[in-house]
Amino acid sequence: MAIRTILTAPDPRLKKKSQPVASVDAEVRQLMDDMLETMYDAPGIGLAAPQIGALKRVIVLDIDREDVKTGPIFMANPEIIEASDEDATYEEGCLSVPEHYSDVVRPAKVTVRYLDRDGQAKELACEGLLATCVQHEIDHLDGILFIDHISSLKRNMILRKLLKARKEQERDEAEGKPAKPKTKKKESAGAI
Ligand code: NI
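Here goes a summary of the coordinates provided. Everything numeric here is computed off the predicted structure, so don't read it as measured data.

All right, on to the overall build of the chain then. Scanning the chain from N- to C-terminus turns up 3 helices and 7 strands. Secondary structure elements of the chain occur, N-terminal to C-terminal, as α-β-β-β-β-β-β-β-α-α. The C-alpha radius of gyration of the chain comes to 16 Å, within 12% of the 16 Å expected for a compact globule of 192 residues. Along the longest, intermediate and shortest principal axes, the C-alpha atoms of the chain span 50 × 40 × 30 Å. The proportion of buried residues among the 192 residues of the chain is 34%. Across the chain, the fraction of contacts at a sequence separation of at least 24, relative to all contacts at a separation of at least 6, is 68%.

In structure tokens, the structure reads:
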């Protein structure tokens, strides 16, 4: 397994549509394992392949909260086959939109069909944080970030701040300054 670099917005690769995998072969399993390790290292509770520059329809999740403990979940070609009329709002974050959080409204319950790490077809009924995470990760496969669900005013403000932070980081690196320590993530919101 290997820790891969997580792309951050506004990287054009995050806006691309990912392609389904033909089957879950050794290469896809390797990708899944790298993604899980990268997600744990970040740390985050979900990661989609395009976030590490692989435009494949693969996601990984592991939610470990007081009320929800899923263990590692691997999904290839995930598809939402059912969504509730009832909505839920969660404050979402994203490893590709570091240090920004916003409330996003999505269906409260979804059923997802996918291939697991052994290539077996599965269906999973999701609710609560798991439902939010699965929808957030599947969005990544279609080039959609959580900031695409919020007002353009707030989205543009976040993108401007991310660009500014990246320029500052590049300038510091060019000048040989040590990297700034990561600020602690808010406890309430998961980076997904
Ligand atoms: Ni994300």
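This part takes up the pairing of strand 6 (residues 109–115). Across 5 bridges, strand 3 (residues 73–83) lies against strand 6 in antiparallel orientation. Within strand 6, the position partnered with Glu82 by the bridge is Thr111. Bridge count between strand 6 and strand 7 (residues 121–127): 7 bridges; the pairing is antiparallel. Across the sheet, Leu115 pairs through a bridge with Ala121, a residue of strand 7. Between strand 6 and the antiparallel strand that follows it, strand 7, lie 5 residues; Gly119 among them carries a positive phi value of about 80 degrees.

Following Ala9, the chain continues to Pro10 via a peptide bond in cis, the omega torsion being 0 degrees. Positionally, Pro10 belongs in the segment before helix 1 (26–41). Cis peptide bonds are those with omega within 30 degrees of zero, and the linkage from Ala42 to Pro43 qualifies with -10 degrees. In this model, Asn77 sits at a positive phi of 50 degrees, which is unusual for a non-glycine residue. If you trace the backbone, Asn77 turns up in strand 3. Backbone geometry at Glu99 places phi at a positive 70 degrees, although glycine is not the residue there. Looking at the secondary structure, you find Glu99 in strand 5 (residues 97–107).

Overall, antiparallel pairing links the 5 strands, which are arranged 1-2-3-6-7 in an open sheet. Among the strands making up the open sheet, the edge pair consists of strand 1 (46–48) and strand 7. Strand-to-strand, the axes of this sheet are offset by a mean angle of 40 degrees, without reference to chain direction. Seen against the sheet, helix 1 touches strand 1, strand 2 (58–61) and strand 3 and runs at an angle of roughly 40 degrees to strand 2.

On to the nonpolar core. With 45 residues, the main nonpolar core has Met35, Val58, Ile59, Val60, Val97 and Val134 as its most contacted residues. For this core, the elements supplying multiple residues, two or more each, are helix 1, strand 1, strand 2, strand 3, strand 4 (87–94), strand 6, helix 2 (128–141) and helix 3 (152–174). Residues contacting Ile59, with those up to four places away along its chain left out, are Gly46, Leu47, Ala48, Met75, Pro78, Glu137 and Ile138.

To continue, consider the environment of Ala42. Tracing the chain through its elements places Ala42 in the loop between helix 1 and strand 1. Looking at Ala42, the number of C-beta atoms within 10 Å reads 17, which means it is partly exposed. For the pair Ala42 and Ile6, spaced 36 residues apart in sequence, the C-alpha separation works out to 8.7 Å. Setting aside residues no more than four positions away along its own chain, Ala42 makes contact with Ile6, Leu95 and Ala191.

The two faces of strand 2 match: Val58 and Val60 on one face and Ile59 and Leu61 on the other face are all buried. Where strand 1 and strand 2 come together, 3 bridges link them in antiparallel fashion. Among the inter-strand pairings, Leu47 is bridged to a residue of strand 2, identified as Val60.

How each quantity is defined
- Chains are numbered independently. Their residues run from 1 in the order of the written sequence.
- With the structure being a predicted model, the display of local features is reserved for residues of pLDDT at least 70 and the display and counting of side-chain atom pairs for 80 or more, all residues being used for whole-chain, interface and lining totals.
- Put simply, DSSP H or I for four residues or longer makes a helix, DSSP E for two residues or longer makes a strand, and each gets a number counted from the N terminus.
- Radius of gyration here uses only the C-alpha atoms, and the compact-globule reference equals 2.2 Å multiplied by the residue count raised to the power 0.38.
- Whether a residue is buried, exposed or partly exposed follows from its count of other C-beta atoms within 10 Å of its own C-beta, namely 20 or more, 12 or fewer, or something in between, respectively; the C-beta atoms are built from the backbone.
- By the criterion used throughout, residues are in contact when their C-beta atoms, derived from the backbone, lie within 7 Å.
- Think of it this way: DSSP has to see at least two bridges between two strands before they count as a pair.
- To get an axis, a line is fitted to the C-alpha atoms, and for a helix only the part in contact is used. The angle between two axes follows their N-to-C directions and goes from 0 to 180 degrees.
- Put simply, a nonpolar core is buried Ala, Val, Leu, Ile, Met, Phe, Trp, Tyr and Cys residues tied into one set by C-beta atoms within 7 Å.

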